[in-house]
Amino acid sequence: MTGHARAGEASFTREAPVQYKRVYLWHWAVRAMHWVSVLCIITLAVTGFYIGRPYFTSSGQAINHYVMARFRFVHFVAAGVLVATAMLRVYWLFIGNRFERWDALLPYRQEDWKNMWLVLKKYLFVEPWKAPHYLGHNPLQQITYSFIYLVALVQILTGFYMFGLADPGGFFYTVFGWVGPLFGGEQVARFYHHVLTWVWAIFLPVHLYLTVRADVVHQESRISSMIGGGRYVRADVEFVDD
Amino acid sequence: MYFPLSHPWAEDETLGEHLERRGVTRRQFLKYCGEVAVMLGLSQAMVPEIARALQEQRRPSVIWLQLQECTGCVESVLRTADPTIGDLLLDLISLDYQHTLMAAAGKAAEQAKQDAMEKNRGSYLLVVTGSIPRNEDGIYLTIGGRTGQDVLMEAVQGAAAVIGIGACAHFGSVQSARPNPTGAVGIADVIRDRPVVNIAGCPPIADVVTATVVHFLTFNRLPELDGEGRPIFAYGSRIHDQCFRRAHYDAGQYVQEFDDDGARKGWCLYQMGCKGPATFSPCPIFQWNDHTDWPIGAGHPCLGCTERHFWDTMTPFYGRLPNVAGFGVERRADTIGLSLALGAAAGVGAHAIATGIHRARTRQAPNKEPADLPVIPTEKKSEEDPNG
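Computed from a predicted model, the values in this text were never measured in an experiment.

Thresholds applied
- Residue positions are counted from 1 within each chain, in the order its sequence is given.
- Think of it this way: whatever chain is written first is A, whatever ligand is written first is 1, and the rest follow in order.
- Reporting of local features is limited, given that this is a predicted model, to residues whose pLDDT is at least 70; pairs of side-chain atoms are given and counted only at 80 or more, and all residues count toward the totals for whole chains, interfaces and linings.
- Excluding hydrogens and water, the side-chain figures rest on all heavy atoms present in the structure.
- The helix and strand labels rest on DSSP assignments: H or I over at least four residues marks a helix, E over at least two residues marks a strand, and numbering proceeds from the N terminus.
- For every residue, the accessible area obtained with a 1.4 Å probe (protein chains only) is divided by the maximum for its type, and the residue is called buried under 20%, exposed over 50%, and partly exposed between those limits.
- Whether two residues are in contact is decided by their heavy atoms, any of which lying within 4.5 Å being enough.
- Method for areas: the Shrake-Rupley scheme with a 1.4 Å probe, in which residue coverage is limited to the protein chains shown.
- The rule for a salt bridge is simple: a side-chain nitrogen of Lys or Arg has to be within 4 Å of a carboxyl oxygen of Asp or Glu.
- For the purposes of these results, a polar contact is taken to be a pair of N or O atoms within 3.5 Å, where, inside protein, one atom must be able to donate a hydrogen and its partner to accept one; residues adjacent in sequence count only when each atom of the pair is a side-chain atom.
- Only when DSSP finds a minimum of two bridges between them are two strands counted as paired.
- Axes, fitted as lines to C-alpha atoms, cover a helix only where it is in contact. Angles between the N-to-C directions of the axes lie from 0 to 180 degrees.
- Roughly parallel covers angles under 35 degrees, roughly antiparallel covers those over 145, roughly perpendicular covers 65 to 115, and oblique covers all other angles.
- Crossings are assigned a handedness: left-handed for a near helix turned anticlockwise from the far helix by less than a right angle, right-handed for a clockwise turn.
- Classes in brief: Ala, Val, Leu, Ile, Met, Phe, Trp, Tyr, Cys and Pro nonpolar; Asp, Glu, Lys and Arg charged; the others, Gly included, polar.

### Describing the overall build of chain A
A tally of helices and strands in chain A yields ten helices and two strands. When the helices and strands of chain A are listed from N to C terminus, the series reads α-β-α-α-α-α-α-α-α-α-α-β. Looking at the 242 residues of chain A, the share that counts as buried comes to 48%. Residue pairs in contact within chain A that sit at least 24 positions apart in sequence constitute 66% of those at least 6 positions apart.

Structure follows, in structure tokens:
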């Protein structure tokens, strides 16, 4: 940090001492949804990969084991919790604050697309100082999270469809029976349900890295905002969504 | 082996009279009716009704068309070592026109069909095996100089009910697999004005055909069908949920390769690409050839042949999931997914290093380009700066 004290910048700091202000972003319910989803998605991925390709087998008599059945049970419970969370999140898209509402997840303005390009360039080290600052999600985050929600939706639909097959005529079979033919067959639906998990496996390291990077490089206190709900931001910086 | 000519079914004889003449006892007959009632999922109180309807049945006329197909379904339906009453029923009603089995050939055979259709107009059962090729005006299948579609539509007009047997009649089977050069479709894609029963499977189980025919003869209507036109009494649940290897699935015991220890112990064939979890069929219960065996019983994974377009969607038959096209041979979806995920992690690492380098350069030459944010002053900094 000593590098910051170099001559040209020191005078700037002396003239304009930096003030911080605290902004409140995420309601405790949204933070709870985030962390519950994290647990559920990791559980679903681990159990799901076992169900898709059992990476160990048990030996001896079948009566002594219940491995796959337990994996499936945990998978279904985690799926149920995730779907309940997702339904709450959808409700929150309409009753949440301006950072949590649906329009904060859709870069629908022309300005958003311009800013997305600037944010993308920032990550490619091209004129990073031109990138706009956001209190909530920047447009790149907005479109990424919306895409992730869409991925989850496809997995939820295909998951319920396959779940329903065990009980023809039952609730899930009746309500989600249209999903299989839409994909062109059960195996195709199964394939998408399985392969989309890799989107999460790609998303996770990138999401973690960019969050940590925002905190380390730009002092954005993003991580603590998802725990405590608020951020300390520089009072002298202009935010697009302030 | 039953030989139809040994005891020909007389013109106005009922099925009851005919069976009696063939030496079938009433006890045997009622036992058969009871079995069919179980198969159809009916109450045992319906047995007398089934018995009455069947024994009063006068020789029902059936016209069996073989279109674009391999005759395997005929083999499955007709070849039985020990003919049951059901087989007799099926054999007898099948004989008006069946161009593989009938003695007549050429013009005589076609004439027999025309006669049967005219005589029994509105009352005969139409059984169809095989698909309809539609490309090039259907020239890929011609019988007696006429296209398959022409032959089918003529027979459909006077039929009381249409029963499609096998995957070809269901959706076109292997000839309709991508790229489907002959434009083969199932008969339900051609017959639009009435319900078509699809006895799905490649080949289907003979008992399902018999039970469906008995249902039609007893109640004078077709059994309840699912969205694919398959009778629900037979195709109502998945192989996976009826499989006798299911205990091994739940226990996590899987055959890893054919002939390994698990295979000898009869473990679950899930890892061998078994499509039981995606396939609705009564195979585990009905089985083939008088309950002799069925594919999974013989140690082979299910191919999913009762499902639409299984040649396209259930392949590779020995893999759990479809292959990803365009990535070469043996490149599984998981391999690609894992590579991308590792690539993302590596990319993140590289980006972190690049960030470090970028920051170091920015600090060394602060006037060349501005920092991302105005630099943050700290207490520590002012202490370090002696000129502060």
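There is more to say, and it comes next.
### Side note on the overall build of chain B
Check the secondary structure of chain B and you find 16 helices and nine strands. Split into buried and exposed, the 388 residues of chain B put 53% on the buried side. Contacts spanning at least 24 positions in sequence make up 71% of the contacts within chain B whose residues lie at least 6 apart. For chain B, the accessible surface area stands at approximately 18,000 Å², while carbon and sulfur atoms represent 54% of it.

### Considering the pattern of salt bridges
Per the counting criterion, the structure on display carries 16 salt bridges over all chains. The salt bridge involving K130 of chain A is made with E127 of chain A; its shortest N-O contact spans 3.4 Å. For D250 of chain B, the salt bridge identified is with R246 of chain B, shortest N-O distance 3.4 Å. Taken together, the residues span about one helical turn, with D250 of chain B and R246 of chain B both in helix α11 (residues 246–251) at a distance of four residues. Salt bridges linked by common partners bring R238, D241, R246 and D250 of chain B together as one network.

### A short note on the side chain of R234 of chain A
Residues and elements named next belong to chain A. Relative to the elements of secondary structure, R234 occurs in strand β2 (residues 230–234). A relative accessible area of 5% means that R234 is categorised as buried. Among the polar contacts made by the side chain of R234, one reaches the side chain of D236 at a distance of 3.1 Å.

### A short note on unusual backbone geometry
Between C202 of chain B and P203 of chain B the backbone carries a cis peptide bond, its omega angle lying at 0°. Locating P203 of chain B in the fold gives a position in the loop between β9 (196–199) and α9 (206–219). The phi dihedral of F125 of chain A falls on the positive side, at around 65°, and the residue is not glycine. In this structure, F125 of chain A sits in the loop between α4 (110–123) and α5 (139–164).

### Some thoughts on the environment of E224 of chain B
Residues and elements named next belong to chain B. Its location among the elements puts E224 in the loop between α9 and α10 (232–235). The spacing of E224 and L40 is 184 residues in sequence and 9.9 Å in space, taken between C-alpha atoms. Dropping the residues within four chain positions of it, E224 is found in contact with R230, P231 and I232.

### Considerations on the pairing of strand β1 (residues 62–66) of chain B
Residue and element names in this part refer to chain B. Most of β1 is tucked away, with five of its five residues classed as buried. Of the strand pairs in this sheet, β1 and strand β3 (residues 124–129) are connected by five bridges, and their pairing is parallel. Bridged to I63 within β3 is L126.

### Description of the sheet that holds strand β7 (residues 159–165) of chain B
Residues and elements named next belong to chain B. Taken together, five strands build an open sheet; the order of strands is β2-β1-β3-β7-β9 and the sheet is parallel. The open sheet terminates on both sides in strands that have one partner only, identified here as β2 (97–98) and β9. Here helix α6 (residues 106–119) sits on the sheet and contacts β1, β2 and β3; the angle it forms with β1, its principal contact strand, is near 135°. Strand contacts of α9: β3, β7 and β9, with the helix running at about 165° to β7, the strand carrying the most contacts.

### What to know about the packing of α5 of chain A against helix α8 (residues 186–195) of chain A
All names here are of chain A. At a closest axis distance of 9 Å, the pairing of α5 and α8 adopts a crossing angle of 135°. The pairing of α5 with α8 is recorded here as oblique in orientation. Crossing angle aside, the handedness with which α5 passes α8 is left-handed. Within the contact between the two elements, α5 uses Q155, T158, G159, Y161 and M162 and α8 uses E186, A189, R190 and H193. Here the contact of α5 with α8 is built from residues that sort into three nonpolar, four polar and two charged.

### Describing the side chain of K121 of chain A
Residues and elements named next belong to chain A. On the secondary structure map, K121 appears in helix α4. Overall, the relative accessible area of 17% leaves K121 in the buried class. Separated by 3.5 Å, the side chains of K121 and E127 make a polar contact. Other than its neighbours up to four places away in sequence, K121 contacts V126 and E127.

### A closer look at the packing of helix α2 (residues 26–39) of chain B against α9 of chain B
Residue and element names in this part refer to chain B. Interaxial distance between α2 and α9 falls to 10 Å at its minimum, and their mutual angle equals 100°. Considering their axes alone, α2 and α9 lie roughly perpendicular with respect to each other. Between α2, through Y32, V36 and M39, and α9, the contact on the second element is made entirely by D207, T210, A211 and V214. Each residue belonging to the contact of α2 with α9 can be placed in one class, and the counts come to five nonpolar, one polar and one charged.

Geometric descriptors of this kind do not, in isolation, establish any biological role.
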